[in-house]
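# Architecture and fold: a report
Below are the chains, spelled out letter by letter.
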Amino acid sequence: MMLQQILNGIASGAVYALFALGFSLIFGVQRILNLAHGGVFMAGAFVSFYAVDTGVPFPLAILLAMVVAGLVSVLIDLIAIQPLRRRSHDIEYAAIVSTLGIDMMLISVAQQVSNTQVLRFPFGTFPIQFFTIFGLRISLLQLVIFAAVIVLTGGLGWYLNKTSFGRQIRAVAENPSTASLLGVSPSAVYLQTFFIAGALAGLTGVLIGLSFNSIHFLMGEPYMLKAFVVVVIGGLGSLTGAVAASLLLGVLQALAVAYLPTGVPDMLIFAILFLVLLVQPNGLFGAAGMAARVGRK
Amino acid sequence: MILKVSSLEAHYDGVQALRGVDLEVGAGEMVALIGPNGAGKSTLLNCLSGLVAHRGEIVFDGRPLARMAPHRISRLGLLQVPEGRQMLSGMSVYENLVLGRLALSGRNETYDLSDIFRLFPVLEERRNQQAGTLSGGQQQMLAIGRALMGSPRMLLLDEPSLGLAPVIVKGLFHALRSLNESGMTILLVEQNARLALAVSQRAYILERGRVAHHGRSREIASNSEVIEHYLAV
Ligand SMILES: Nc1ncnc2c1ncn2[C@@H]1O[C@H](COP(=O)(O)OP(=O)(O)OP(=O)(O)O)[C@@H](O)[C@H]1O
Ligand SMILES: [Mg+2]
């Protein structure tokens, strides 16, 4: 029973990780908190729903959701970030306000489009199937989530550390003006990281929409809050930290929901966040995990 | 002339750092730019690299650089080794060098990794070490090697001797001289005027944002009045 809860917790933590990775990547490279990340996640879920609704096969709908969410994210960079950057180097606070504005716009568009309704995928969009392994029940969806998270986090790590594009991203994260003296275009890097982050958020939106069979215009907001928790506990800009903290959060939450009265779990999680910050102000992975870290010290 | 700068002006929030600078560098020349702290030397290099907004004209190899983005200027082959070396300290020596390759951008390759390892053998020994853990002299070699990986048509060096022990500086300037002898055009910013005048063919003395004096380095070095007035060292 307990093992089963842990397994379920890992599955939801894995989804948080996909969401938080993009948020953390953008922070690591641009030093900004993209508060529209939740809106992008929701946009991904919406795109997949309407695609399936108009008869697009589900795998294609997922791909479409990732691409559209990636492009929405790129637009955020173009509209809300780059104009600020052209005027000043210190845009941390301005970016919080401008991305928050974009998030509200995305939410109201989605509210209009969906008529404030909760959307549900048609029955049979994804086969509901369970397997029993060592006495633990695991759904096909959970297996797909595990596979997606392993492939995508591994792929992102490889991309950042082993490819020329990844090197350019890390160079800009460490020092944009030095990188530009070497021929790296920081704005191209920014667009690229926004696309990657958006595509990951879009996929997360689809997976969450599917897991709870519920898609609505405010669905991004609780995940934004979780991403904050995860990214702060993991250490801002640390990608391994974000993944580890996501899994930890997922498991803690599953256990708390199973064994504690309603209302207590969230309180517990924020209490833990507070404790971590008291003991380790830079997050659990603030100093370690340099290889997987993107960003300035 | 590979580089021609005319009436260059630059401001920082109301403070004028350059007040109409004219400067020329011929292909294959090593030209020194010297002057006291705050004279505007780094500002001049950063205008050339597109990092600082400016007025006036900069023409590199017949092409005006007005409002060109820094990475485009680097890709033309006008490469700066900035003050304080600016390592990408989380990356290995090898990764720093490979990044330098990006500025090549389809131009003819004139330096490859083996040339750089020949010029600075220590970089080959340390190729997997994190750049941030190199000594100051090694970092300076890496910064220059990284720029060379982009096969520069002209190098801008900002105080390469800064913070290095005399014996290291001597080796470094030996390397710079041999680079120049093999045809590299160099604009060298230095605090160490004596050294800069010894390796360069011509020199400009910058003072409070203006060119106060310019001419052949040998003549400047032997002109005690100029030395005393502008470069009291
Ligand atoms: N980012 C900046 N913001 C405001 N003022 C600046 C900035 N950078 C330089 N300055 C000012 O512009 C003037 C020229 O500075 P610059 O760095 O070009 O001098 P320098 O000749 O390179 O000096 P040093 O030999 O000390 O490196 C100085 O008065 C300096 O205070
Ligand atoms: Mg300077």
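Here, every reference points to the structure presented above.
Residues numbered from 1 in each chain as written. Chains lettered and ligands numbered in written order. Predicted model: local features only at pLDDT ≥ 70, side-chain atom pairs only at ≥ 80, totals over all residues. Heavy atoms only, no water.

## What to know about the packing of helix α1 (residues 2–30) of chain A against helix α9 (residues 220–234) of chain A
All names here are of chain A. Where α1 meets α9, the axes come as close as 9 Å, and the angle between the chain directions of the two elements is 70 degrees. On the basis of the axis angle, α1 is roughly perpendicular to α9. Across the interface between the two elements, Tyr 16, Phe 19, Ala 20, Phe 23 and Ser 24 from α1 touch Tyr 223, Met 224, Lys 226, Ala 227, Phe 228, Val 230 and Val 231 from α9. Residue composition of the contact of α1 with α9, grouped by class: 10 nonpolar, 1 polar and 1 charged. (Axes fitted to C-alpha atoms, helices over the stretch in contact; angles between N-to-C directions. Helix = DSSP H or I, 4+ residues; strand = E, 2+ residues; numbered from the N terminus. Parallel < 35°, antiparallel > 145°, perpendicular 65-115°, else oblique. Contact = heavy atoms within 4.5 Å. Nonpolar A, V, L, I, M, F, W, Y, C, P; charged D, E, K, R; others polar.)

## Observations concerning the coordination of the magnesium ion (ligand 2)
At the metal site, the magnesium ion (ligand 2) is ligated by B:Ser42 (OG) and B:Glu83 (OE), and these contacts range over 1.9 to 2.6 Å. Separated by 41 residues along the polypeptide, B:Ser42 in helix α1 (residues 41–48) and B:Glu83 in the loop between β6 (78–81) and α3 (93–100) bring together distant segments of the chain. (Donors = N, O, S within 2.8 Å, 3.2 Å for Na, K, Ca; no water.)

## A closer look at the site of ligand 1
All names here are of chain B. Residues in contact with ligand 1 amount to 13 residues; listed here are only the nearest, Asn 37, Lys 41, Ser 42, Thr 43 and Gln 191. Here an oxygen atom of ligand 1 and a side-chain polar atom of Glu 83 are 2.9 Å apart. Within the complex, the protein chains bury 61% of what would otherwise be the 640 Å² of accessible surface of ligand 1. Ranked by residue count, the leading element in the shell around ligand 1 is α1, at 3 residues. (Near = heavy atom within 4 Å. Polar contact = N/O pair within 3.5 Å; in protein donor to acceptor, adjacent residues only side chain to side chain. Areas by Shrake-Rupley, 256 points an atom, 1.4 Å probe, with all protein chains shown as cover.)

## A look at the packing of aromatic side chains
Residues and elements named next belong to chain A. Scanning the entire structure with this criterion turns up 11 aromatic pairs over all chains. Ring centres of Phe 19 and Phe 41 lie 5.2 Å apart, and the angle between their planes is 75 degrees; on these two criteria the pair is classed as edge-to-face. Taken together, the positions of Phe 19 in helix α1 and Phe 41 in helix α2 (residues 37–53) put the pair 22 residues apart, joining distant regions of the chain. The burial state of Phe 19 is the same as that of Phe 41; both residues are buried. Consider the rings of Phe 58 and Phe 126, whose centres lie 6.2 Å apart with planes at 70 degrees: the pair is edge-to-face. Placement of the pair is Phe 58 in helix α3 (residues 58–87) and Phe 126 in the loop between α4 (92–114) and β1 (130–133), with a sequence separation of 68 residues. You'll find Phe 58 and Phe 126 in the same group, each marked buried. One residue, Arg 137, lies across the ring of Phe 130, its end atom 4.0 Å from the ring centre. In this structure, Lys 226 packs its charged tip against the face of Tyr 223, placed 4.9 Å from the ring centre. (Phe/Tyr/Trp six-rings, centres within 6.5 Å; stacked < 30°, edge-to-face > 60°. Buried < 20%, exposed > 50% of the residue type's maximum accessible area, 1.4 Å probe, protein only. Lys NZ or Arg CZ within 6 Å of the ring centre and 35° of its normal.)

## Quick notes on the interface of chain B and chain A
Taken together, the 22 residues of chain B in the interface contact 17 residues of chain A. A buried area of about 1800 Å², summed over both sides, lies between chain B and chain A, and 61% of it is on carbon and sulfur atoms. In terms of surface lost to chain A, no three residues of chain B exceed B:His71, B:Leu88 and B:Leu99, which account for 27% of the buried area on that side. Here chain B and chain A share 1 salt bridge between them. A salt bridge links A:Arg170 to B:Glu95, with the nearest nitrogen and oxygen atoms 2.4 Å apart. There are 8 residue pairs in polar contact (both at pLDDT 80 or more) connecting chain B and chain A. Elements with a contribution of two residues or more to the side of chain B that touches chain A: α2 (70–75), β6 and α3 of chain B. Residues belonging to the side of chain B that touches chain A are distributed by class as follows: 11 nonpolar, 8 polar and 3 charged. (Buried area = accessible area lost by both parts, 1.4 Å probe. Salt bridge = Lys/Arg side-chain N within 4 Å of Asp/Glu carboxyl O.)

Just geometry here; none of it tells us what the structure is for.
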